Amino acid sequence: MLTNAMPYIRAISTRLITGILVFLLVTFSATALSSLAPGSAAQLILGDYATPEQIAALNTQYGYDLPVWQRYLSWLGDLLRGDLGVTLFSQQPILGVVLERAAVTFEIAFLAMAVSLIGIPVAMYTASHPNKLTDKVMRSISTVLLAVPTFVIVVLFSYLFAMVLRWFPATGWAKLTENPVANLWYVALPVLCLSLHQTAYLYRVARNEFVTTLQEDYIAVARARGLPLSYILFNHALRPAMPQILTVMGLSLTYMLAGSFVVESYFAVPGIGWTILSAVKSHDIPLVQAILSLTVVIFVIVFMLVDLGYALIDPRVKVS
Amino acid sequence: QADEQAVSGGEMTIIAGSDIKSWDPAITSGTFPGGPMDQLDAVYGFLVYVDLEGKVQGGMAESLTSDDATVWTLKLRPDVKFTDGNPYDAEAVVYNWKRAANPDTLAPAQPFVSSWIDGVKIIDPLTIEITLPTPNRNFGSTLAQSSPFVASPAALEAAGTDKAAIKPVGAGAFLFESWDQGISLSFKRNPDYWDQPRPYLDTLKFAIIPETNSRISTVVQGGAQMMAGYPYQFGANAEAPSVTTHEIPIPGLYRAYFNQVAGTFTDHRAREAFYHAVDPARLMQAYTQLEGYVTPTNYFTQASPYYDPADVLPTYDPAKAQELFDALAADGKPFKIKLVSYSNSDLKRLTSYLQQVLTAYENVEVEVELVDQAMLKPQCQTQVNFDLCIDGGVLVANGAEPIISNMLKTGGVDNWGQYSSEAMDGFLNAANATMDQTEVKAAYANVQKVVAEDLPLYIFGSETRFLLLRDNTGGIVPSNGGILQKQYLYVCEDACAAE
Amino acid sequence: MDATPASHPILSCKAMTCEMDSVSGPLQILQDINFSLDTRRALGIVGESGAGKSMLIKAIMGIAPRGLRTKGRIELDGQDLSALKPKQRAKLIGRKVGIVFQNPMSSLNPFVQIGRQIEEAGCIHLGMSKAEARSRAIELLSFVGLPDPEDCYNYYPHQFSGGMKQRIMIAAALICQPDLLIADEATTALDVTVQKEVLDLLQTIQAQRQMSMILVSHNLGVVAGRTDEILVLYGGNVVEYGPTSEVFRNPRHRYTEALLSAMPAMDQPAHTRLRTIPGQPPNLANRPAGCPFAPRCPSAQAKCHEVMPAMSAGVHPSHRFACHFPLAEIAHVQ
Amino acid sequence: MTDIGNSPAFKPGPNAKLGDIVRHAMPWSSKMKLPGATPFEFLAAIFLVLLVLVALFVDFIPGLVSPKLPYGDFSQLPEWSLNGLFGTDDIGRSIFSRVLYGARTSMMIVAVSTTIALVSGLLLGMLAGYYRGIFERAVDLFANALAAMPSTLVVLAFVAVTGPSVVTIIVVLGIFDIGTYARVAKAGVISQSNRDYVLAARAMGATDSRVLLKEILPNLIPALTAVMPTLMAGLIITEGSLSFLGYGIPAPAPSWGGMIASSTDLLSRFPVLIVGPILAIVLTVYAFNTIGDYLAQRLNNRERES
Amino acid sequence: MSSDIALNDEIILEVRNLSVSFSRGGKEMKAVDDVSFSVAAGETLGLVGESGSGKTTIGRAILRLLPDANTKSEGAVRYKKTYLNTLSSTDMRHMRDRLQMIFQDPLSSFNPRRNVEDIVAEGLVIQGKPASERKSRVEAALSAVGFDLATVAGRKPHQFSGGQCQRIAIARSLAVEPELIVCDEPVASLDVSVQAQVINLLQDIRENRNLALIFISHDLAVVKNVSDRVAVLYMGRIVEIGTGPQIYERPAHPYTRTLLEAVPVVDATRKIEPDGKRTVMPSRNRPQGGCAFRSRCPRATQICAETVPAVTPAPRGQMVACHHPHDEPAPGMAVRTQR
Ligand SMILES: Nc1ncnc2c1ncn2[C@@H]1O[C@H](COP(=O)(O)OP(=O)(O)OP(=O)(O)O)[C@@H](O)[C@H]1O
Ligand SMILES: Nc1ncnc2c1ncn2[C@@H]1O[C@H](COP(=O)(O)OP(=O)(O)OP(=O)(O)O)[C@@H](O)[C@H]1O
Ligand SMILES: [Mg+2]
Ligand SMILES: [Mg+2]
């Protein structure tokens, strides 16, 4: 039993080590970057009339004048002690803030991902009828959708659905746990904006994957055995296409986490995207660090899950 | 005040463009609606404030008066208490002033406060007498705008030197409830507020929404009661059902700074040429996308008691401008300037327009540099690295002080162009040294004369502030720079009757 | 092997032609293919790479790539396949024909347990119950010689070697008790020793289950001794068709003969010079007008370049070949 | 660890026939033809060619007004003329002219960033793929770290450091693409290294550098060309987002994102003025994506056929 | 230990106790195990064995073309007086004009972006030959395989058929004028009709130039045709080595016999009788002790499970590694149809 577990342990530990290295690299870059960013928290706190001396004094007080590596090490030390600190201005515990806002972003990201899943059955259908009308139409639609940058979608949708039609609220948020109906109402536009791109992307990848899979020999064998198309699609084509689809879903999640700030700040949704944007602008470095750390940890976890997914889906893969 | 139809209770959300950074009452900046002082005001309340006419009025204090501009008397209201139970008395006020005067506090108003802190005398718990080293007619308005907040000394003591640890304990209309950094602030009614039955609102919220369009849509949809902005941003939304606009008639100036110590604009002809070269009406139209702006003729606009039609700034005259440009080029001092501003979309438009207009002239070269908003002050004020530095928004001008001295006096904190003129300093001091309106007016007439001669600033527009609000919003009583007094705000059941 | 009296054609192709478009014009992939295979008999299809062997099989099975236009009449067990709707046709073929493809690595779905892959056609075509199908599958697994069939049922393809996979493919082909078993290069990817075993297995099964079989290979040695008839394809044309022993002993078409003598034989001494066939197979997009082999044929005459030779019969009535100038008949030495 | 950010559309297969890939993945290498292209793909190619021509020669378009000088009144609605096609912007400049000049900005950024990313990615990827071991781990780590950062945000922070400057944007955008190119190059080298021609060259006595530069490098080009348009589309989107957020190309220079941002301010009053720049960015991204798909498709087809 | 006898005295290549192991995912796999043989000038040694038996690995190990990263090889490879395995990589590079290789897949062994002339000249460029000499040698090499430089020069590999490509590959090797060529399944991917051309060509060249060939193939008939001597590999070991007639007429090792019996022959007279035999391949990763073939061997006894059989001379002169070698003629060898 133990011998069976060994390769898994090794595989997981190498992944963890890579994950930790990535984590260190990213968080360090963040420290370095934030120390380079113009102005400083002190400047922002003291306002327009503060003298350079006053700003320098406050910087010293906050320790912002220390070299980057020293600040990074002290941050890392705090992190190891489980102390993420409090937000610079509002003095909220960072852990709580980050988790609460991450929950918002996750909700949006997961809903957007769930919406984008409709791409898969559509892909299945069109891939099995390649170059028919639906296939061509869906492909064109998806190419066009992929060509519209999220910020354009956000501007257009918020104009159309919030300003002109007023179907959905322009900004705001209600917690899912407190008011699920209002929550649904508020997430609608952000989710729509985020999911359009994802749906198109997932559709394309899934379609290509299905087309590729349908050209495999074993599909020809299945067809030669006279198995019906729907049976072949679900029993022979779906699983082989899944690893690629899973990869895209993993990427989607990271894309949505990383790309959420345009959507979130436009719709004033209190998620981590907007938070990190405003934290960068206001030099709340502890908060920036915490969010980046969370993002990296999530990325690493997501990719580990994707790997795990591969292993579950593909019998040939033995976590390695 | 027009709060006969005020209703108690209810909740109001005001949209703010940015978050506050600290509860420190000594650290204040930006007297504009939706700015950080707006939010601190909810907790602390203004000690005194400048009303729409430019007069200093009692806020938390009863009055601040002086007969000779040198000795000032601050009268406090009886029985005002901080929400932690401590009295809002002379001791507390002086404690806050001393704290602001202490350089360790890093208060922006520190130079101002420390200049008179030694002359502060507590007469009785409700009376403070301030003797200024030099007479200053505008002491009251300066105090109102730069150091108006008084927090409970106990709360300040408790925080020590850590600004972030300061808890918001004031005697203002509202009690701090929660702050979700970067997202929203929420306050609830202070039941022990001195001016009962105010405040009317049970809950007051500030929502931070960065995008202008999103802000407007939110008000239009009823997601918030009001936002501050300019009519050009509102567009047709101002006519949306249940939405109105409200003007806060505090005139302010659009201005830009000429670099007076180095570069092209040290030559008077260059400044003059600049005035001649650009049509300010058109410039304002480019900036705000609205027509019909009246161009100010000098520092004081017609609405001001100090308005003087005698000395006017150069007017738009392209031919003359070209002449001057050519002359400068002939002297080997070609008109070659760097415009510095920050990258907000309105200023982008403004600078692009200026560049577009100027480059149409011969012998002119214009470079534009847009920096991060936080970098404008360091670049313009500290490094003086510009020819023309354009700051956004309007500065409240017609109440004169402290803004006019800040901008025009040698070493003034807003004097980014480093303009320095003995005559100007003298006239400004003279205007400050007396409480006699005719003397003040005479002194300001001289100031305008010097402005028209020296062209220390580029003044190109004046404007008042506007609010976009739901029509069920009442009790709009502006104070300093347009900040609404929170205790008057109320929400009506339906639309409020027109005020 | 002699045909038993009860035999009738299980599969026959009449004037079958396949065409496909390509960048360089229409490709004549198969031209005028005629053959018929009786029950319980084995047919070998041989030809070089690109001769159209797989295409022929695929066209018959109705799994040709998109764009292939098939003309002519294909009859399976007396039914004209082209008269059927695609679904019915697929069902009929699925039930009557079992097929084993060339590449054992890719013709099993790596994501599906082999047991399921074996039984699925049975469930769908014969409506077997789950349990029934399972016991059939296990039975077949042990029949094709897999050890521990109960366990193997749940294994995935990658857990088997190439030879084993080919055995599994054979088991899967047998689930519906087909009348015809087709093996398209079923042993090409295997080592000689394993190849022999798999071929033996195919042959045993054919005999035991009284099926017909088509054995496709480019290796003449594979079909020799294991089939009753042989069809030699060259450039999409049938060049020779007849009883296997006749064709090998007595090749009449010059291509068949050249092919046989180009193969190094085990009984030649070392360094024997081999006979070569100059040139290359015909370009399907631009066929020569006459005999497709004419450009490479040492004895080609003017006529060969102009007229496509028709199938003519040899001494043995069912031995047919398409050559204007066939090799002489060698007397039977038996 | 899984390759984070691996472009899922691209899978270099182990046994592609390279000659065919080259011929078909880079159609212009043999003939100026797009074999098997759909009309859309053909149009996309033409559009891109036009775009490049516009970027190079926009100054010489007759009748086109300068993007800096006023053409008409502020915020004029579109009219049927060359300069007025998309209307005028908020300070009276021709939006059409600015869109065309914006193409120059975008193309320049795309070209230079891609060069930076391609050269560095290729170098790292080739070393990683050829020598494996520690090189490969380091490059993977680097690529994974890049992929684990919210890229637009980091670019934004970077740009905030030096102020919005073209150089910073180009360099930082370039750096973020290094990971992908390195990955593709690495995968390419690994698959090429398994081919016999690499072995044949070594059997002839070729040194590592000769094998890498003369044998393998030319054969990486098809795979790299196939991912390039997609990454270029990504660059255009990222640059657009940055300019949209006000951190992109400094203001008077025309950029599509910046134009969309400034039209957004006037959206409630003049919604049509936003159409021009959006059309430009969407069409360009569409064209790049379409060409990318086309090339990847051909690459895949070739691989499958061999 | 001398496990084989070369045809003539002029031994140019001698491989002694060559072992190669690959590490894969932390596991070691011995692909070649203690292999010794030698090749004389002008001689062809055939290497046969089933897939994975280590044929390619031996060929590449001789030429030092195995990847350094995961390979470990032991033993000595001597070419004339030089021990190749201890040469520095620079010195090895200089040896490469004497030792050449031809690969299985002709198309993949060409850089698709090169034209034929560059491909054939590549070795000469690397060896630093002047341009004038290059041209004439390329021309000579091409004409040796039946091409005319002028007509093929600018063409790319994909414009040639498989057989033509293999001829170009031969020309590429010949251009550097080697003394030994390792041919790794050079005809396996070719059709019968072109395979004959390539085989004939190799034979001609070998005779004309007194080339030594190591000819790797899994096709016993081809090996028989081209080789002077044949080595049979099983799981990385040589189980039998001897002259062609020895191996093919009197195979001593049961594995050799199994192989020979399995070869499909065009024999129209014989109706093949299927037997139900089934091979169980032992795992390479977990080698058992004793003779590797014993699980498939009809003659296996206790001793086969205990000791690895040493290579010993068989009665007919070949060397065989078997505890129970055969000494009777192979069945069916005599009865082959004559055509
Ligand atoms: N999808 C396709 N598109 C176009 N031509 C094709 C396609 N598939 C096969 N062909 C062509 O059809 C001809 C016959 O191919 P087929 O696969 O039937 O040959 P084969 O005899 O089975 O060869 P092999 O021994 O290599 O399997 C070949 O010339 C081939 O190039
Ligand atoms: N680079 C490598 N890394 C790891 N294992 C290898 C490597 N090369 C070969 N092997 C393994 O070594 C063994 C012998 O391989 P080799 O290629 O020499 O066999 P072969 O006899 O040439 O087989 P084939 O007939 O299939 O070409 C095989 O099990 C193979 O998997
Ligand atoms: Mg085939
Ligand atoms: Mg091999």
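All values derive from a computational prediction rather than experimental measurement.

Basis of the calculations
- Residues numbered from 1 in each chain as written.
- Chains lettered and ligands numbered in written order.
- Predicted model: local features only at pLDDT ≥ 70, side-chain atom pairs only at ≥ 80, totals over all residues.
- Heavy atoms only, no water.
- Patch = residues over 30% accessible without salt bridge, like charges linked within 9 Å, V, L, I, M, F, W, Y side chains within 5 Å.
- Areas by Shrake-Rupley, 256 points an atom, 1.4 Å probe, with all protein chains shown as cover.
- Salt bridge = Lys/Arg side-chain N within 4 Å of Asp/Glu carboxyl O.
- Helix = DSSP H or I, 4+ residues; strand = E, 2+ residues; numbered from the N terminus.
- Buried < 20%, exposed > 50% of the residue type's maximum accessible area, 1.4 Å probe, protein only.
- Disulfide = S-S within 2.5 Å.
- Near = heavy atom within 4 Å.
- Polar contact = N/O pair within 3.5 Å; in protein donor to acceptor, adjacent residues only side chain to side chain.
- Contact = heavy atoms within 4.5 Å.
- Buried area = accessible area lost by both parts, 1.4 Å probe.
- Nonpolar A, V, L, I, M, F, W, Y, C, P; charged D, E, K, R; others polar.
- Pairing = 2+ DSSP bridges.
- Axes fitted to C-alpha atoms, helices over the stretch in contact; angles between N-to-C directions.
- Parallel < 35°, antiparallel > 145°, perpendicular 65-115°, else oblique.
- Left-handed = near helix turned anticlockwise from the far one by under 90°.

Student: Got a sec to walk through a nonpolar patch on the surface? Specific residues and values, please.
Tutor: Residue and element names in this part refer to chain D. Together, Phe 42, Leu 43, Ile 46, Val 49, Leu 50, Val 52, Leu 53, Leu 56, Phe 57 and Phe 60 make up a nonpolar patch on the protein surface, roughly 980 Å² of accessible area in all. Structurally, the position occupied by Val 52 is in helix 3 (residues 39-57). For Val 52, a relative accessible area of 39% translates into the label partly exposed.

Student: Could you give an account of the pattern of salt bridges, with specific residues and numbers?
Tutor: Overall, the coordinates contain 65 salt bridges over all chains when judged by the stated rule. Of the charged contacts in the structure, one is a salt bridge between Arg98(D) and Asp89(D), with a shortest N-O distance of 3.7 Å. There is no split in this pair, since Arg98(D) and Asp89(D) are both buried. Across the salt bridge formed by Arg137(E) and Glu133(E), the nearest N and O atoms sit 2.7 Å from each other.

Student: Tell me about the state of the cysteines, residues and numbers included.
Tutor: For the coordinates displayed, the defined rule picks out one disulfide over all chains. One disulfide bridge connects Cys380(B) with Cys389(B), the sulfur atoms lying 2.0 Å from each other. For the disulfide bridge between Cys380(B) and Cys389(B), the dihedral angle about the S-S bond is near 90°, and by the sign convention the bridge is right-handed. Judged by its relative accessible area of 0%, Cys389(B) is buried. Here Cys304(C) is not disulfide-linked; the sulfur of Cys291(C) is the nearest cysteine sulfur, at 6.1 Å. Of all cysteine sulfurs in the structure, the one in Cys297(E) sits closest to Cys322(E), which takes part in no disulfide; the separation is 5.9 Å. The exposure class assigned to Cys322(E) is buried, which follows from its relative accessible area of 12%.

Student: Could you give an account of the site of ligand 1, with specific residues and numbers?
Tutor: Residue and element names in this part refer to chain C. Taken together, 14 residues are adjacent to ligand 1, and Ser 49, Gly 50, Lys 53, Ser 54 and Met 55 come closest. Contact distances for ligand 1 include 2.6 Å between an oxygen atom and a side-chain N or O atom of Ser 49. At 3.2 Å from an oxygen atom of ligand 1 is found a main-chain nitrogen or oxygen belonging to Ala 51. In terms of residues, the shell around ligand 1 owes the most to one element, helix 1 (residues 53-61), which gives three residues.

Student: Tell me about the interface of chain A and chain B, and name the residues and values.
Tutor: Many authors give the size of an interface as the accessible area that is lost as the parts come together. Each side of the interface is counted separately: chain A has 40 residues, and chain B has 41 residues. Counting the surface lost from both chain A and chain B, the interface buries some 3,500 Å², and carbon and sulfur atoms represent 57% of this. Linking chain A to chain B there are one salt bridge. A salt bridge links Asp180(B) to Arg101(A); its shortest N-O distance comes to 2.5 Å. At the junction of chain A and chain B, the tally comes to 14 residue pairs in polar contact (both at pLDDT 80 or more). Among the elements of the structure, helix 2 (41-46), helix 3 (52-62), helix 5 (94-116), helix 8 (150-164), helix 12 (260-266) and helix 13 (272-281) of chain A are those that each provide at least two residues to the side of chain A that touches chain B. With six residues, helix 3 of chain A is the single largest residue contributor to the side of chain A that touches chain B. Across the side of chain A that touches chain B, the residue classes tally to 22 nonpolar, 13 polar and five charged.

Student: An account of the sheet that holds strand 4 (residues 61-66) of chain B is requested, with residue identities and associated values reported.
Tutor: Residues and elements named next belong to chain B. Across the sheet, four strands lie side by side as 4-5-7-6; this open sheet has antiparallel pairing. Each edge of the open sheet is held by one strand with a lone partner, namely strand 4 and strand 6 (120-124). Neighbouring strand axes in the sheet, compared pairwise and without regard to direction, differ in orientation by 20° on average. Relative to strand 7 (residues 127-131), strand 6 runs antiparallel, the two being bridged by four bridges. Residue pairing across strands places Lys 121 opposite Glu 129, the latter belonging to strand 7. On the sheet, helix 4 (residues 139-146) packs against strand 4, strand 5 (71-76) and strand 7 and is oriented at approximately 140° with respect to strand 4.

Student: How would you sum up the environment of Gln195(C)? Please name residues and give values.
Tutor: Mapped onto the elements of the fold, Gln195(C) is located in helix 7 (residues 192-209). Separated by 33 residues in the primary sequence, Gln195(C) and Gly162(C) have C-alpha atoms spaced 10.0 Å apart. Beyond its immediate sequence surroundings of up to four residues, Gln195(C) is in contact with Thr187(C), Leu190(C), Asn219(C), Val222(C) and Pro264(E).

Student: Please set out the site of ligand 2 residue by residue, giving values where relevant.
Tutor: All names here are of chain E. Looking at ligand 2, there are 15 residues lining it, with Ser 51, Gly 52, Lys 55, Thr 56 and Thr 57 nearest. A distance of 3.0 Å is found between an oxygen atom of ligand 2 and a backbone nitrogen or oxygen belonging to Gly 54. Residue Thr 57 places a side-chain N or O atom 2.4 Å away from an oxygen atom belonging to ligand 2. Taken by itself ligand 2 offers 630 Å² of open surface, and the protein chains cover 70% of this. Ranked by the residues each element gives to the shell around ligand 2, the list is headed by helix 1 (residues 55-62), at three residues. When its residues are assigned to classes, the shell around ligand 2 shows four nonpolar, seven polar and four charged.

Student: Which residues make up the packing of helix 3 (residues 116-126) of chain E against helix 4 (residues 131-144) of chain E, and what values do they have?
Tutor: Residues and elements named next belong to chain E. Contact geometry for helix 3 and helix 4: axes closest at 9 Å, N-to-C directions at 120°. As judged from the angle between their axes, helix 3 and helix 4 are oblique. The handedness of the crossing between helix 3 and helix 4 is right-handed. Judged by residue contacts, Val 116, Glu 117, Val 120, Ala 121, Leu 124 and Val 125 of helix 3 engage Arg 134, Lys 135, Arg 137, Val 138, Ala 141 and Leu 142 from helix 4. Partitioned by chemical class, the residues of the contact of helix 3 with helix 4 number eight nonpolar, no polar and four charged.

Student: Let's hear about the pairing of strand 5 of chain B: which residues, and what values?
Tutor: Residues and elements named next belong to chain B. Burial along strand 5 is one-sided: Trp 72, Leu 74 and Leu 76 are buried, while Val 71, Thr 73 and Lys 75, pointing the other way, are not. Summarising the sheet, strand 4 and strand 5 pair through five bridges and their orientation is antiparallel. Opposite Ser 63, over in strand 5, you have Lys 75 as the bridge partner. Pairing of strand 5 with strand 7 involves five bridges; the strand directions are antiparallel. If you follow Thr 73 over to strand 7, its bridge partner there is Glu 129.

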